[in-house]
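These are the residues of each chain, in order.
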Amino acid sequence: MQDSTKPWIADLTLLLVTAIWGSTFVIVKEAVTGFPPFSFLSLRFAVAALSLLIFSGRRDWLRKDVWRAGGLAGIFLAGGYILQTLGLMSTSPAKAGFITGLSVVMVPMFLGVAARRLPPLPVLAGAAIATLGLAALSLGPGFSLSSGDTLVLLCAFCFALQIITVGRHASFVPTTALTGVQLAVVAALCAVFALFEQRPPAMPAATLNGLLLTAIPATSFAFLLQSKAQRYTSSSHTALIFSAEPVFAALFAYILVGERLGVRGIWGSVLILAGILLAEMVPLLLSARAQQKHPSSGR
């Protein structure tokens, strides 16, 4: 494969990953309708972690730095999936997809706070526009969020912190093992909560289908594709592609269950997506323009 074609293949691969993740909102909502959410999540991530163990070096899993980084990232990842799954029990898949997408805007905001400086103006503007979109999409009478929307918003916070944690350690530890440890931590934490759940005598068909569709394709397989693709594209470009996840979530919600957002919901979704694109695309374009004006001297 020519080097010039690798970025295109990487972008298409990341778009496929984004579409897979977008489809899971409907699948998970149906899977936990007749089955306890923590039991479902523990099974999903246990299967995913075991599948990654097969494809990664066993010694990598024993490294202390892998467990330090993967453990912390896994806690945030567990918080994200737990809150998202609980939120999906009382909100729609399309709304959950757009609210989860706010994590893309939260990442540069959190990094700016940590560095004690204001984020770039496009990021601030994008965050403001996305917040207006969230209000249009989710606020009910009395300007209050529903319990489901609130849980998914907290989920977006957790996913943003997980992205930051992985970004700080991914260059120093084996990627597959790092991902596998995260998934194992999610499975373990969910299993603890699952001990207090009352499970039905038999797993419903929708739950079994959800487990089969999310454990390997949407978790271990998707994370492996992401890890391989990011060798040939930047983190900013990756985040920009991932901003399409709520669009796929809304598309699959319409195709699979006929969900319609309504006029206000559509405008809210458009504003959220516009805010995400503004926060990600403008800094990317400015960086590319700066590199054209002042190209670095290559070897």
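Parameters and conventions
- Along each chain, numbering runs from 1 in the same order as the chain's sequence is written.
- Totals for whole chains, interfaces and linings use every residue, but because this is a predicted model, local features are given only for residues with pLDDT of at least 70 and side-chain atom pairs only at 80 or more, for both listing and counting.
- Heavy atoms throughout the structure, all of them, feed into the side-chain values; hydrogens and water do not.
- Only runs of H or I of at least four residues qualify as helices and only runs of E of at least two qualify as strands under DSSP, and these elements are numbered from the N terminus.
- Residue exposure (1.4 Å probe, protein chains only): buried if accessible area is under 20% of the type maximum, exposed if over 50%, otherwise partly exposed.
- When checking whether two residues touch, look at their non-hydrogen atoms; a contact exists if any pair is within 4.5 Å.
- Per-residue and other accessible areas follow the Shrake-Rupley method at a 1.4 Å probe size, with only the shown protein chains counted as cover for residues.
- Put plainly, a pocket is an open set of points on a 1 Å grid over the protein atoms alone with protein on both sides within 12 Å along at least five of seven lines, a cavity is a set where a 1.4 Å probe fits but cannot get out, and a lining residue has an atom within 4 Å of a point.
- Grid points are joined across faces, edges and corners, and a volume is the space filled by probe spheres set on the points.
- Along the chain, pLDDT gives the predictor's confidence residue by residue, from 0 to 100.
- The residues that make up patches have over 30% relative accessible area and no salt bridge, and they are joined within 9 Å when like-charged or within 5 Å when they are Val, Leu, Ile, Met, Phe, Trp or Tyr.
- One side-chain nitrogen of Lys or Arg within 4 Å of one carboxyl oxygen of Asp or Glu is enough to make a salt bridge.
- Angular values range over 0 to 180 degrees, each being the angle between N-to-C directions of two axes fitted as lines to C-alpha atoms, with helices fitted over their stretch in contact.
- Working rule for angles: under 35 degrees goes down as roughly parallel, over 145 as roughly antiparallel, 65 to 115 as roughly perpendicular, anything else as oblique.
- Crossing handedness is read from the near helix: turned anticlockwise from the far helix by less than a right angle, it gives a left-handed crossing, and turned clockwise, a right-handed one.
- For Phe, Tyr and Trp, where Trp contributes only its six-membered ring, two rings pair if their centres lie within 6.5 Å, and the inter-plane angle classes them as stacked under 30 degrees, edge-to-face over 60, or tilted in between.
- Multiplying 1.5 Å by the helix residue count minus one yields the expected span of that helix.
- Residues enter a nonpolar core if they are buried and are Ala, Val, Leu, Ile, Met, Phe, Trp, Tyr or Cys, with the set joined through side-chain atoms within 4.5 Å.

Peer 1: Before we move on, could you go through the overall build of the protein chain and cite the residues and values that matter?
Peer 2: When you go through the protein chain residue by residue, the secondary structure sums to twelve helices and zero strands. Going from N to C terminus, the protein chain has its helices and strands arranged as α-α-α-α-α-α-α-α-α-α-α-α. When burial is assessed residue by residue, the protein chain has 48% of its 299 residues classed as buried. Of the contacts formed within the protein chain by residues at least 6 apart in sequence, a portion of 90% connects residues at least 24 apart. Approximately 15400 Å² of the protein chain is accessible, and the part contributed by carbon and sulfur atoms is 68%.

Peer 1: Outline the layout of surface pockets, listing residues and values.
Peer 2: Quantified by volume, the largest pocket comes out at close to 1400 Å³. Sort the elements by how many residues they give to the lining of the largest pocket and helix α7 (residues 147–169) lands first, with seven residues.

Peer 1: Summarise the confidence of the model for the protein chain; cite the residues concerned and give the values.
Peer 2: Residues shown with low pLDDT carry predicted positions that ought not to be read at fine detail. Confidence in the prediction of the protein chain, expressed as mean pLDDT, is 84, and 90% of residues score 70 or more. Helix α3 (residues 64–88) holds the highest mean pLDDT among the elements of the protein chain, 93, whereas helix α10 (residues 235–242) holds the lowest, 71.

Peer 1: Go over a nonpolar patch on the surface, please, and point to the residues and values.
Peer 2: A surface patch of nonpolar side chains, amounting to about 480 Å² of accessible area, comprises L251, Y254, I255, L256 and V257. Among the structural elements, L251 can be located in helix α11 (residues 245–257).

Peer 1: Requested: an account of the side chain of T179, with residues and values cited.
Peer 2: Here T179 lies in helix α8 (residues 175–194). Look past the residues within four positions of T179 in its chain and what remains in contact with it is L52, F223 and S227.

Peer 1: Could you give an account of the packing of helix α1 (residues 6–31) against α11, with specific residues and numbers?
Peer 2: Relative placement of two packed helices is described by the angle separating their axes and the distance separating the axes. Between α1 and α11, the shortest axis-to-axis distance is 8 Å and the interhelical angle comes to 45°. The angle between the axes of α1 and α11 places the two elements in the oblique class. Between α1 and α11 lies a crossing of right-handed hand. On α11, the residues that touch L15, T18, A19, W21, G22, S23, F25, V26 and E30 of α1 are E245, F248, A249, F252, A253, L256 and V257.

Peer 1: I'd love a proper account of the packing of aromatic side chains, names of residues and values included.
Peer 2: All chains considered together, the criterion is met by five aromatic pairs. A ring pair is formed by F38 and F193, whose centres lie 5.0 Å apart and whose planes are at 25°; its orientation type is stacked. One end of the pair, F38, is in helix α2 (residues 37–55); the other, F193, is in helix α8, with 155 residues separating them in the sequence. F193 sits in the partly exposed class, given a relative accessible area of 44%. Where F45 meets Y81, the ring centres are 4.9 Å apart and the plane angle is 65°; that geometry is what we call edge-to-face. One end of the pair, F45, is in helix α2; the other, Y81, is in helix α3, with 36 residues separating them in the sequence. Given the relative accessible area of 9%, Y81 is considered buried. Through successive ring pairs, a cluster of aromatic residues spans F45, Y81 and F159.

Peer 1: Would you mind going over the packing of helix α4 (residues 93–100) against α7 in detail, with residue names and values included?
Peer 2: For the pair α4 and α7, the least separation of the axes is 8 Å and the interaxial angle reads 35°. Crossing handedness for the pair α4 and α7: right-handed. Contacts between α4 and α7 involve K95, A96, I99 and T100 from the former and D149, V152, L153, C155, A156 and F159 from the latter.

Peer 1: Any chance you could break down α7 for me, citing the residues and the numbers?
Peer 2: With 23 residues, α7 should reach 33 Å at 1.5 Å per residue; the first-to-last C-alpha distance of 34 Å fits that figure. Every buried residue of α7 is listed here: G148, D149, V152, L153, C155, A156, C158, F159, A160, Q162, I164 and T165.

Peer 1: So what's going on with the nonpolar core? Which residues, and what values?
Peer 2: With 73 residues, the main nonpolar core has F40, L41, F45, I99, L102, L183 and I272 as its most contacted residues. Among the elements that take part in this core, α8 stands out by supplying nine residues, more than any other. Those residues within four positions of I99 in sequence are excluded, and the remaining contacts are L134, L137, S138, D149, V152, L153 and A156.

Peer 1: Mind laying out unusual backbone geometry, listing which residues take part and the relevant values?
Peer 2: You will see that R116, though not glycine, has its phi angle at about 60°, which is positive. Within the secondary structure layout, R116 lies in the loop between α5 (103–114) and α6 (121–138).

Peer 1: Give me the lowdown on the pattern of salt bridges, citing residues and values where you can.
Peer 2: This model, assessed by the stated rule, comprises two salt bridges. A salt bridge links D65 to R63; its shortest N-O distance comes to 2.8 Å. For D65, a relative accessible area of 26% corresponds to the partly exposed category. Owing to a relative accessible area of 32%, R63 belongs among the partly exposed residues under this scheme. D149 is the partner of K95 in a salt bridge, and the nearest nitrogen-oxygen pair spans 3.1 Å. With K95 in helix α4 and D149 in helix α7, this residue pair connects regions lying 54 residues apart in the sequence. Residue K95 shares its accessibility class with D149, and that shared class is buried.

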